[in-house]
Amino acid sequence: MMEFDLEYTLGLFPILLKYLSTTMEMALWGFVLALVLSLTLAIVRVFHIPVIHWLAMLYISFFRGTPLLVQLFLLYYGLPQLFPVFVGMDAFTAAIVGLTLHFAAYMAESIRAAILSIHKSQMEAALSIGMSRYQAMRRIILPQAARIATPSLMNYFIDMIKSTSLAFTLGVAEIMGKAQMEASSSFKFFESFMAVALVYWVVVIIFTRLQHLLEVHLNRAY
């Protein structure tokens, strides 16, 4: 029976941390793009825009109803077979697009629920003083909905950080991919995956703390 090699595990941290920037870049780009897309989907659903509303529901249903790994494979391996324009898409870009499309479907429902939680009298009051629906949504409804949606959106961001680990299946060299390579070359699988698990854990703890501070700041006025 082999013993746990603590020295090997500690030696992996400097190696893995070099690739942490790739992981965080994928998560940050994915979250920003998903936030824009999910806000658009939420507004389409709230206002029940004809035709587009049903397309938004179909999109949300598909990306919430299929695994992220399958979606990544469809994007990176499947689309180039049907549309030659996607042949030049690299694995890093495909991972970001996959994360964006997947999490936007979940975030859209959180934002929609936050918007609907604002009492309709506030929209009516805004319209009564001459604001357009767009102005009322931008100035009155969305700022309040943002405070309500922040906890769930931050949770999705944390989940997105962990989900970047699937990008190694496309060949992206991030911390999970590097841990896999180190494990394959040394056959110290437990030590390698324990090291990468600890890195993810520390990152999640940091962002959980930041989430708490953000929530305190947003709730200060209330």
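Per-chain numbering applies: the sequence of each chain, read as written, is numbered from 1 onward. The model is predicted, so local features are restricted to residues of pLDDT at least 70 and side-chain atom pairs to those at 80 or more, both for listing and for counting; the totals for chains, interfaces and linings are taken over all residues. Remark: hydrogens and water are excluded; side-chain values derive from all non-hydrogen atoms of the structure.

Moving on: the environment of Asp-5. Put simply, DSSP marks the helices as runs of H or I at least four residues long and the strands as runs of E at least two long, and each gets a number from the N terminus on. Within the element layout of this structure, Asp-5 appears in the segment before helix 1 (6-17). The rule is simple: take the accessible area with a 1.4 Å probe, protein chains only, and divide by the maximum for that residue type; under 20% is buried, over 50% is exposed, in between is partly exposed. Note on Asp-5: relative accessible area 24%, which makes it partly exposed. Note: C-alpha distance between Asp-5 and Phe-62 (57 residues apart in sequence) is 44 Å. What Asp-5 contacts, discounting residues up to four positions off in sequence, is Lys-188 and Glu-191. Any pair of N or O atoms that falls within 3.5 Å is considered a polar contact. Within protein, one atom must be able to donate a hydrogen and the other to accept it, and sequence-neighbouring residues count only if both atoms are side-chain atoms. A polar atom in the side chain of Asp-5 sits 3.1 Å from the backbone nitrogen of Tyr-8. A polar side-chain atom of Asp-5 sits 3.4 Å from a polar atom in the side chain of Lys-188. When checking whether two residues touch, look at their non-hydrogen atoms; a contact exists if any pair is within 4.5 Å.

Below, the discussion takes up the packing of helix 2 (residues 20-46) against helix 3 (residues 52-65). Fitted lines through C-alpha atoms serve as axes, helices being fitted only where they are in contact, and the angles separating the N-to-C directions of these axes extend from 0 to 180 degrees. Interaxial distance between helix 2 and helix 3 falls to 9 Å at its minimum, and their mutual angle equals 130 degrees. With respect to their mutual orientation, helix 2 and helix 3 come out oblique. Crossing geometry of helix 2 relative to helix 3 is assigned as left-handed. Facing helix 2, whose interface residues are Leu-37, Leu-41, Val-44 and Arg-45, helix 3 presents Ile-52, His-53, Ala-56, Met-57, Tyr-59 and Ile-60. Class assignment of the residues belonging to the contact of helix 2 with helix 3 gives a composition of eight nonpolar, one polar and one charged. Our angle categories are set so that under 35 degrees counts as roughly parallel, over 145 as roughly antiparallel, 65 to 115 as roughly perpendicular, and the remainder as oblique. Should the near helix be turned anticlockwise from the far one by less than a right angle, the crossing is left-handed, and should it be turned clockwise, the crossing is right-handed. Only Asp, Glu, Lys and Arg are considered charged, only Ala, Val, Leu, Ile, Met, Phe, Trp, Tyr, Cys and Pro nonpolar, and every remaining residue, Gly among them, polar.

Now for the UniProt feature "transmembrane region" (unreviewed entry) in the chain. The positions UniProt marks with the feature "transmembrane region" (unreviewed entry) are residues 26-47, 54-79, 85-108 and 189-210. Here residues 54-79 runs as 92% helix and 0% strand, with 24 Å between its end C-alpha atoms. Secondary structure over residues 85-108 splits into 75% helix and 0% strand, and the C-alpha atoms at its two ends are 28 Å apart. UniProt positions are given in the numbering used here, feature names are shortened, and annotations may be inferred rather than shown by experiment.

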